[in-house]
Amino acid sequence: MPMVEVAGKSFEVDEEGYLTNLADWNQDIAGYLAQEEKVEMTDSHWEVVNFLREYYDEYQIAPAVRVLTKAISKKLGADKGNNKYLYELFPYGPAKQACKIAGLPKPTGCI
Amino acid sequence: MSDMMEDMEGGEGVVKKFMFVNRKAPHGTIYALEGLEVVLISAAFDQDVSMVFADDGVYELIKGMNTKGIEVKDFSRTYRALDGYDIEKLYVEKASMEARGLTEDDLIVDVTVLDSAEMANLMAEQDIVISY
Amino acid sequence: MSMLHIVNKSATERNSVESCLRLASKGSVVLLIEDAVYAATQGSVAAAKIQAAMADLQIYALGPDLDARGMSARVLDGVKVVDYGGFVDLVAENNTCQSWL
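By convention here, each chain's residues receive numbers from 1 onward along its written sequence. Labels are handed out in written order, letters beginning with A for the chains and numbers beginning with 1 for the ligands. Since the coordinates come from a predicted model, pLDDT governs what is reported: local features require at least 70, and pairs of side-chain atoms require 80 or more to be given and counted, while whole-chain, interface and lining totals use all residues. Note: side-chain values were computed over all heavy atoms of the structure, leaving out hydrogens and water.

A short note on unusual backbone geometry
What counts here: Each helix corresponds to a stretch of at least 4 residues labelled H or I by DSSP, and each strand to a stretch of at least 2 residues labelled E; elements are numbered beginning at the N terminus. The cut-offs for exposure are 20% and 50% of the maximum accessible area for each residue type, with area from a 1.4 Å probe on protein chains only; residues under the lower value are buried, those over the upper are exposed, and the others partly exposed.
A positive phi angle, close to 50 degrees, is found at Ala 7 of chain A, a residue other than glycine. Within the element layout of this structure, Ala 7 of chain A appears in the loop between strand 1 (3-6) and strand 2 (9-12). Positioned with a positive phi, Asp 86 of chain B is a non-glycine residue whose angle comes to about 60 degrees. Topologically, Asp 86 of chain B is positioned in the loop between strand 2 (48-53) and strand 3 (89-93). Overall, the relative accessible area of 45% leaves Asp 86 of chain B in the partly exposed class.

Dropping the structure here:
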């Protein structure tokens with residue numbers, strides 16, 4: 001497995017760049033993963049990333065994009081729980097990019 | 001794949017009745033976890049999905065699991081995410097539950113409890129049944 | 001001479017628990033692990049067999065496997081719960097060990 005170095009510590013990622021150990025995650029690593037995805041993190045990005053981490057903590061899976069949109073709509077409002085808003089934040093797919101930055105595995109049910 | 005999804009959403013896709021029959025206890029074998037993944041993926045195809053828990057499969061739904069000691073994921077909590085995936089038809093066979101000293105209150109999600117004859121009827125009306 | 005019997009299959013799916021209880025000689029030790037721990041829980045159809053066997057055999061169940069299955073609060077009276085350290089002790093205390101696969 002490839003290793004990456006962030007703030008003087010090394011971490012394992014899989015061949016697609018997803019963090020191998022969920023527990024390794026911290027803000028520095030999120031920053032590094034975001035940089036790799038060419039995403040500039042704002043408060044709006046963090047809101048989605050934190051939402052995903054809470055979702056994973058509760059259900060033990062990374063949600064498919066359709067499920068994520070619906071869940072965000074329910075918690076943060078319809079102005080955020082829609083494809084347009086989420087794809088503007090994460091152009092290559094909110095589930096894939098935001099999950100990666102959140103240190104989660106690749107979403108289940110996302111094909 | 002996204003093109004195919006759009007085709008299906010456009011009404012060209014056929015909605016079939018899929019039933020996933022869970023008959024294995026969690027953790028001891030990989031069937032329960034892999035089966036759950038299959039169901040989550042199937043949700044993307046907007047089919048009419050039912051999940052059945054019979055025999056040792058009922059054990060998959062027990063509340064209060066703590067998997068820290070055996071160092072595996074507690075995927076029992078993922079059954080609670082099924083609702084968000086629009087998978088709402090969960091059935092438990094009454095005889096299987098009773099043979100294990102369990103009641104509906106012991107289960108982590110809301111289910112419909114069916115007797116064996118009712119379960120047989122439900123199974124008979126499916127287009128596709130996948131059992132593990 | 002004592003023998004430790006280790007069973008890891010669910011009694012409601014395979015017959016290894018039943019065979020083990022039938023063939024283990026008096027005074028033997030039986031350790032239920034993985035899916036076999038369900039047999040040692042209240043209300044299971046297998047519970048009566050475990051209870052009957054306790055007259056001649058010492059029955060143990062592995063705690064981490066009970067916890068992982070949400071079954072810790074349902075263990076039958078008389079069944080001793082051990083952790084991994086206790087598992088190792090049982091292996092060390094007995095002359096031979098048989099795994100019922």
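Side note on the interface of chain A and chain B
Worth spelling out the cut-off: The contact criterion used is simple: two residues touch if any of their non-hydrogen atoms lie within 4.5 Å. Salt bridge, as applied in this entry: a Lys or Arg side-chain nitrogen positioned within 4 Å of an Asp or Glu carboxyl oxygen. Here a polar contact means two N or O atoms within 3.5 Å. Within protein one must be a hydrogen donor candidate and the other an acceptor candidate, and residues neighboring in sequence count only if both atoms are side-chain atoms.
Across the boundary between the two partners, chain A contributes 16 residues, which contact 18 residues of chain B. For the interface between chain A and chain B, the tally reads 3 salt bridges. Where Lys 70 of chain A meets Asp 86 of chain B, a salt bridge forms, and the shortest distance between an N and an O atom there is 2.9 Å. Connecting chain A to chain B are 9 residue pairs in polar contact (both at pLDDT 80 or more). Listed by contribution, the elements that provide at least two residues to the side of chain A that touches chain B are helix 2 (43-59) and helix 3 (65-76) of chain A. Considering every element that reaches the side of chain A that touches chain B, the biggest residue donor is helix 2 of chain A, with 5 residues.

As for the side chain of Ser 10 of chain C
Take Ser 10 of chain C: it is sitting in the loop between strand 1 (3-7) and helix 1 (16-23). A distance of 2.4 Å separates polar atoms of two side chains, one belonging to Ser 10 of chain C and the other to Asp 56 of chain B. Once you skip the residues sitting within four places of it in the chain, Ser 10 of chain C turns out to touch Asp 56 of chain B together with Asp 35 and Ala 36 of chain C.

Here's the deal with the arrangement of the chains
Between chains B and C lies the most contact-rich interface of the 2 pairs of chains that touch. Over all C-alpha pairs, chain A and chain C never come within contact, reaching a minimum spacing of 15 Å.

Brief notes about the sheet that holds strand 2 (residues 29-32) of chain C
Each strand in a sheet pairs with its neighbour through backbone hydrogen bonds, running either in the same direction (parallel) or in the opposite one (antiparallel). All names here are of chain C. As a reminder of what qualifies: In this analysis, strands are considered paired if DSSP registers two or more bridges between them. Axes, fitted as lines to C-alpha atoms, cover a helix only where it is in contact. Angles between the N-to-C directions of the axes lie from 0 to 180 degrees.
Taken together, 5 strands build an open sheet; the order of strands is 4-3-2-1-5 and the sheet is parallel. The open sheet has two edge strands, strand 4 (80-82) and strand 5 (96-100), and neither has a second partner. Taken pair by pair, the neighbouring strands of this sheet meet at an average axis angle of 25 degrees, ignoring direction. Where strand 2 lies against strand 3 (residues 58-62), 4 bridges are found, and the strand directions are parallel. Paired with Val 29 across the two strands is Gln 58, which belongs to strand 3.

Let's talk about the packing of helix 2 of chain A against helix 5 (residues 94-101) of chain A
Residues and elements named next belong to chain A. Applied cut-off: Angle categories: roughly parallel below 35 degrees, roughly antiparallel above 145, roughly perpendicular from 65 to 115, and oblique for all the rest. Residue polarity follows a fixed list, in which Ala, Val, Leu, Ile, Met, Phe, Trp, Tyr, Cys and Pro are nonpolar, Asp, Glu, Lys and Arg are charged, and the others, Gly among them, are polar.
Between helix 2 and helix 5, whose axes approach to 9 Å, the crossing angle comes to 80 degrees. One element, helix 2, and the other, helix 5, form an angle in the roughly perpendicular class. Contacts between helix 2 and helix 5 pair Val 48, Val 49 and Leu 52 from the former with Ala 98, Cys 99 and Ile 101 from the latter. Per-class residue counts for the contact of helix 2 with helix 5 are 6 nonpolar, no polar and no charged.

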